[in-house]
Amino acid sequence: MNEYIIELADLTKQYGNYTAVDHLNLTIRKGEIFGLLGPNGAGKSTTILMMLGLTEPTSGRVRVCNWDATRYPIEVKKRVGYLPEDVGFYEDYTGFENIVYTAQLNGIGRGEAAQRAQQLLNRVGLADAAHKKAGKYSRGMRQRLGLADVLIKNPEVIILDEPTLGIDPKGVQEFLSLIVQLSREEGLTVLLSSHHLEQIQAICDRVGLFVKGKLLAEGNVHTLAGNLFTSEPLTIEAHITIPVTSVVTVNDLQRMLQDIEGVLTVAIQGNTFQIDCARDVTSQIARKVIMAGADLNYLHKKEYGLEDIYHHYFKEYESYA
Ligand SMILES: Nc1ncnc2c1ncn2[C@@H]1O[C@H](COP(=O)(O)OP(=O)(O)OP(=O)(O)O)[C@@H](O)[C@H]1O
């Protein structure tokens, strides 16, 4: 059994002379939550369409659940659930009826379909609204119904394209927790395409950064930041109070910190010392402050997040949302 559930090898898609996806190489393991992040037009949707076997690559290979998606799209469709930005439901059918209908389209008999539909509606938090017409559902409820709709066929992989657009913050949090729960409890592999950095950072094990059809970087947020910002100065923030009885002044302390090898600059604002350094000198800072008889209230090392990474890569592209 192949350890990767999704494998893209030199995957390329051209529309005429335009290369929408450019020699993409990417592997995703079973049970991973992987985030596809990139500005509009980066090629995320085209990549997803190729994974689903809905559009043919110009060259390269795409395997999903051990099936070549281009040659065996039906096998892939049986194993992969796709939740687009906006799912189309029969508005006059209830949530329950919609899910039963999808189940039957997937060859599940009426009795089992009804039982599974009810279980899934409970699971996605729609038990109370199961018999309400889908046309009356809020945006958040529709996305939950969409999730039940893709889960009814017991997929191995689910692909979510901007699933939280238009949902209120509480609904977003609940929806994302549900995704993590499903992935962890049922070993479901999740591919989440989104512009929302904080959502990707909150739930994804790994992230792929797309721009102009290429994967510029991939890895977990921590590793990406480590690789990217090694040459950047490290910023350490120290909150320090100098007791009134002390002979040491703020200026003395600033000089002492400045003398530590590796420290570039020391800026002071109130009780906060912002220390830029070429390497991590946290322990030396702590020692100096305490030996000077001052009180060290906290020391904080700046961690680079997905937002810093995103801006680093995409600063020259203004088109992202
Ligand atoms: N059928 C098509 N014919 C011609 N060009 C296309 C077609 N589909 C997509 N493209 C182009 O390919 C590029 C990649 O589009 P794609 O939709 O994959 O990007 P995306 O990263 O999903 O962006 P978004 O977040 O806006 O959906 C875009 O420049 C788009 O205009």
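Residues numbered from 1 in each chain as written. Predicted model: local features only at pLDDT ≥ 70, side-chain atom pairs only at ≥ 80, totals over all residues. Heavy atoms only, no water.

By the naming in an unreviewed UniProt entry, the protein chain is ABC transporter ATP-binding protein, taken from Ohtaekwangia kribbensis.

S.K.: Tell me what's going on with the overall build of the protein chain, and back it up with residues and numbers.
M.R.: Within the protein chain, the secondary structure is distributed over 11 helices and 14 strands. For 321 residues, the compact-globule estimate of 2.2 N^0.38 gives 20 Å, and the protein chain exceeds it by more than 25% at 25 Å. Across the 321 residues that make up the protein chain, the buried fraction comes to 46%. Across the protein chain, contacts joining residues at least 24 apart in sequence account for 68% of those joining residues at least 6 apart. With an accessible surface of roughly 16000 Å², the protein chain has 49% of that area assigned to carbon and sulfur atoms. A distance of 5 Å separates the average location of the 32 positive side-chain charges in the protein chain from that of its 39 negative side-chain charges. (Helix = DSSP H or I, 4+ residues; strand = E, 2+ residues; numbered from the N terminus. Rg over C-alpha atoms; globule rule 2.2 N^0.38 Å. Buried < 20%, exposed > 50% of the residue type's maximum accessible area, 1.4 Å probe, protein only. Contact = heavy atoms within 4.5 Å. Areas by Shrake-Rupley, 256 points an atom, 1.4 Å probe, with all protein chains shown as cover. Lys, Arg positive; Asp, Glu negative; His and termini not counted. Charge placed at Lys NZ, Arg CZ, Asp CG, Glu CD.)

S.K.: Please set out a nonpolar patch on the surface residue by residue, giving values where relevant.
M.R.: A contiguous nonpolar surface patch, about 410 Å² in accessible area, is contributed by Tyr90, Tyr93, Tyr101 and Leu105. The residue Tyr101 is located in helix H3 (residues 95-105) in this model. According to the relative accessible area criterion, Tyr101 is partly exposed, its value standing at 32%. (Patch = residues over 30% accessible without salt bridge, like charges linked within 9 Å, V, L, I, M, F, W, Y side chains within 5 Å. Salt bridge = Lys/Arg side-chain N within 4 Å of Asp/Glu carboxyl O.)

S.K.: Requested: an account of unusual backbone geometry, with residues and values cited.
M.R.: Here the phi dihedral of Cys65 falls at roughly 55 degrees; this positive angle occurs in a residue that is not glycine. Along the chain, Cys65 falls in the loop between strand E4 (59-64) and strand E5 (67-68). You can call Cys65 buried: its relative accessible area is 8%. One non-glycine residue, Asn66, lies in positive phi territory at about 70 degrees. Tracing the backbone shows Asn66 in the loop between E4 and E5. Judged by relative accessible area, which is 26%, Asn66 ranks as partly exposed.

S.K.: Go over the sheet that holds strand E14 (residues 295-301), please, and point to the residues and values.
M.R.: Strand order in the open sheet made by the 4 strands is E12-E13-E11-E14, with antiparallel pairing throughout. Two strands close off the open sheet at either side, each with one partner strand: strand E12 (263-269) and E14. In this sheet, adjacent strand axes meet at a mean angle of 20 degrees when their direction is disregarded. Packed on one face of the sheet, helix H10 (residues 282-291) meets strand E11 (234-241), strand E13 (272-277) and E14 and runs near 170 degrees to E14. (Pairing = 2+ DSSP bridges. Axes fitted to C-alpha atoms, helices over the stretch in contact; angles between N-to-C directions.)

S.K.: Residues and numbers for helix H4 (residues 110-123), please.
M.R.: The terminal C-alpha atoms of H4 lie 20 Å apart, and with 14 residues this matches the ideal 20 Å at 1.5 Å per residue to within 8%. Buried within H4 are the following residues: Ala113, Arg116, Ala117, Leu120 and Leu121. The buried residues of H4 occupy an angular sector of 135 degrees when projected down its axis, which confines them to one face. Counted as exposed and oriented over 90 degrees from the buried face of H4: Gly111 and Gln115. If you follow the buried residues of H4, they end up packed against H3 and helix H5 (139-151). Immediately beyond the C-terminal end of H4, within one or two residues, lies Gly125, with a positive phi of roughly 80 degrees. (Expected span 1.5 Å × (residues − 1). Arc of directions from axis to C-beta.)

S.K.: Tell me about the site of the ligand, and please be specific about residues and values.
M.R.: Contacts to the ligand come from Tyr15, Tyr18, Ala20, Pro39, Asn40, Gly41, Ala42, Gly43, Lys44, Ser45, Thr46 and His195. Residue Ala42 places a main-chain N or O atom 3.0 Å away from an oxygen atom belonging to the ligand. In this structure, Gly43 approaches the ligand through a main-chain N or O atom, which is 2.9 Å from an oxygen atom. Here the ligand, which alone exposes 630 Å², has 58% of that area covered by the protein. Elements supplying a minimum of two residues to the shell around the ligand: strand E2 (18-29) and helix H1 (44-51). Partitioning the shell around the ligand into residue classes produces 5 nonpolar, 6 polar and 1 charged. (Near = heavy atom within 4 Å. Polar contact = N/O pair within 3.5 Å; in protein donor to acceptor, adjacent residues only side chain to side chain. Nonpolar A, V, L, I, M, F, W, Y, C, P; charged D, E, K, R; others polar.)

S.K.: Describe the packing of aromatic side chains, naming the residues involved and giving the relevant values.
M.R.: Following the criterion strictly, the structure yields 4 aromatic pairs and no others. Consider the rings of Trp67 and Tyr72, whose centres lie 5.2 Å apart with planes at 65 degrees: the pair is edge-to-face. Under the relative-accessibility criterion, Trp67 is labelled partly exposed at 27%. Note on Tyr72: relative accessible area 35%, which makes it partly exposed. In textbook terms, an aromatic cluster arises when at least three aromatic residues are bridged by ring pairs, as seen for Tyr90, Tyr93 and Tyr101. (Phe/Tyr/Trp six-rings, centres within 6.5 Å; stacked < 30°, edge-to-face > 60°.)

S.K.: Please set out the sheet that holds strand E6 (residues 80-83) residue by residue, giving values where relevant.
M.R.: Either a parallel or an antiparallel arrangement is found when strands of a sheet pair, and the pairing is made through backbone hydrogen bonds. If you trace the 6 strands from one edge of the open sheet to the other, you get E6-E7-E8-E3-E9-E10, paired in mixed fashion. Of all the strands in the sheet, just E6 and strand E10 (214-219) have a single pairing partner and so form its edges. The average undirected angle you get between the axes of adjacent strands in this sheet is 15 degrees. Judged from the 5 bridges that link them, strand E9 (residues 206-211) and E10 form a sheet pairing that is antiparallel. Bridging across to E10, Phe210 finds its partner in Leu215. In this fold H1 packs onto strand E3 (33-37), E6, strand E7 (157-161), strand E8 (189-194) and E9, with an angle of close to 150 degrees to the strand it touches most, E7. Relative to E3, helix H6 (residues 169-186) is tilted by about 135 degrees, and along the sheet it contacts E3, E6, E7 and E8.

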